[in-house]
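# Coordinate analysis (summary)
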Amino acid sequence: MTNVAQLMSLNPVSVSPDDSLAVVKQIFDHVKFHHLLVVEDSVLLGVLSDRDLFKALSPYLGTAAETTRDLASLNKKAHQVMRRKPVTLQGQANVKDAVHLFNTEGVSCIVVVDNQNRPQGILSWRDIIRALDRTDKRTAQ
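Keep in mind it's a predicted model, so treat the numbers as computed, not measured.

### Quick look at the overall build of the protein
Counting its regular elements, the protein contains 7 helices and 8 strands. Across its three principal axes, the protein shows a C-alpha extent of roughly 60 × 35 × 25 Å. In the protein, which comprises 141 residues, the share counted as buried stands at 39%. Restricting the contact set of the protein to residue pairs at least 6 apart, pairs at least 24 apart contribute 57%. Just so you have it, the protein exposes about 8,900 Å², and 50% of that area is on carbon and sulfur atoms. Distance between charge centroids for the protein: 4 Å, based on 17 positive and 15 negative side chains.

### Here we look at unusual backbone geometry
With phi around 55°, Asp41 is a residue other than glycine that occupies positive phi space. Of note, Asp41 is situated in the loop between β3 (35-40) and β4 (43-49). Unlike most non-glycine residues, Lys85 shows phi in positive territory, near 55°. Here Lys85 shows up in the loop between β5 (83-84) and β6 (88-90). A relative accessible area of 75% means that Lys85 is categorised as exposed.

### Focus: the nonpolar core
Counting 16 residues, the largest nonpolar core has Val4, Leu89, Ala98, Phe102, Ile110, Leu123 and Ile128 as the members making the most contacts within it. Listing elements by their share of this core, those giving two or more residues are α1 (4-7), α6 (95-105), β7 (109-113) and α7 (125-140). Among the elements that line this core, the one with the most residues is α6, at 4 residues. Ignoring any residue separated from it by four or fewer positions in sequence, one finds Ala98 in contact with Val4, Leu89, Ile110, Leu123 and Ile128. If you look at the next biggest cluster of nonpolar residues, it comprises 15 residues, including Ala56, Leu61, Leu74 and Met82.

### Here's the deal with the environment of Met8
As for its placement among the helices and strands, Met8 is situated in the loop between α1 and β1 (9-10). Judged by its relative accessible area of 14%, Met8 is buried. Measuring from C-alpha to C-alpha, the distance between Met8 and Cys109 comes to 10.0 Å, with 101 residues separating the pair along the chain. With residues near it in sequence (within four places) discarded, Met8 still touches Val112, Gln120, Gly121, Ile122 and Leu123.

### Overview of the sheet that holds strand β8 (residues 119-124)
Taken together, 4 strands build an open sheet; the order of strands is β1-β8-β7-β6 and the sheet is mixed. Each edge of the open sheet carries a strand with a single partner, namely β1 and β6. Note that β6 and β7 share 3 bridges and pair parallel. Pairing of Leu89 across the sheet is with Val112, part of β7.

### Things to note about α6
Residues spaced three or four apart along an α-helix face the same direction, because each turn holds 3.6 residues. Of all the positions in α6, only Val95, Ala98, Leu101 and Phe102 are classed as buried. The buried side chains of α6 occupy one side of the element, clustering within an arc of 115° when seen end-on. What points out from α6, more than 90 degrees from its buried face, is the exposed set Lys96 and Asn103. By the N-cap criterion, in which a side-chain oxygen at the helix start approaches the backbone nitrogen of a residue two or three places on, α6 is capped by Asn94, the distance to Lys96 being 2.9 Å. One or two residues past the end of α6 sits Gly106, with phi positive at roughly 65°.

Analysis parameters
- Residues numbered from 1 in each chain as written.
- Predicted model: local features only at pLDDT ≥ 70, side-chain atom pairs only at ≥ 80, totals over all residues.
- Heavy atoms only, no water.
- Helix = DSSP H or I, 4+ residues; strand = E, 2+ residues; numbered from the N terminus.
- Buried < 20%, exposed > 50% of the residue type's maximum accessible area, 1.4 Å probe, protein only.
- Contact = heavy atoms within 4.5 Å.
- Areas by Shrake-Rupley, 256 points an atom, 1.4 Å probe, with all protein chains shown as cover.
- Lys, Arg positive; Asp, Glu negative; His and termini not counted.
- Charge placed at Lys NZ, Arg CZ, Asp CG, Glu CD.
- Core = buried A, V, L, I, M, F, W, Y, C linked by side-chain atoms within 4.5 Å.
- Pairing = 2+ DSSP bridges.
- Arc of directions from axis to C-beta.
- Polar contact = N/O pair within 3.5 Å; in protein donor to acceptor, adjacent residues only side chain to side chain.

Written out as structure tokens, the structure is:
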């Protein structure tokens, strides 16, 4: 059985809990992934998704209707918006454990951590779908 360490994306991008949403927005504006880890002293504190950011920012940012108050939403800190107590697994957990968590917890990513809750990687449901697609292509040949 495949374990999550075999499928996870390595070197997930992280921010500090005190980084502003302006920093978070700048990262999301230039990458194709949808989750940032919030880490302090190498320990996982939370997860911040692009959807979390979208909900926290004023919808008037960058429009003609933008006000000083709208711009102030960029000053919020990552710890104010992040999901605390993120869903985690250790690398040796099997993929069925991950699928169960995706189905029961309503999350779109699982952080893979070590025994000290230090992030090792991140697993999305897309990683599992990609692995299944590769498996099907190998068996079809």
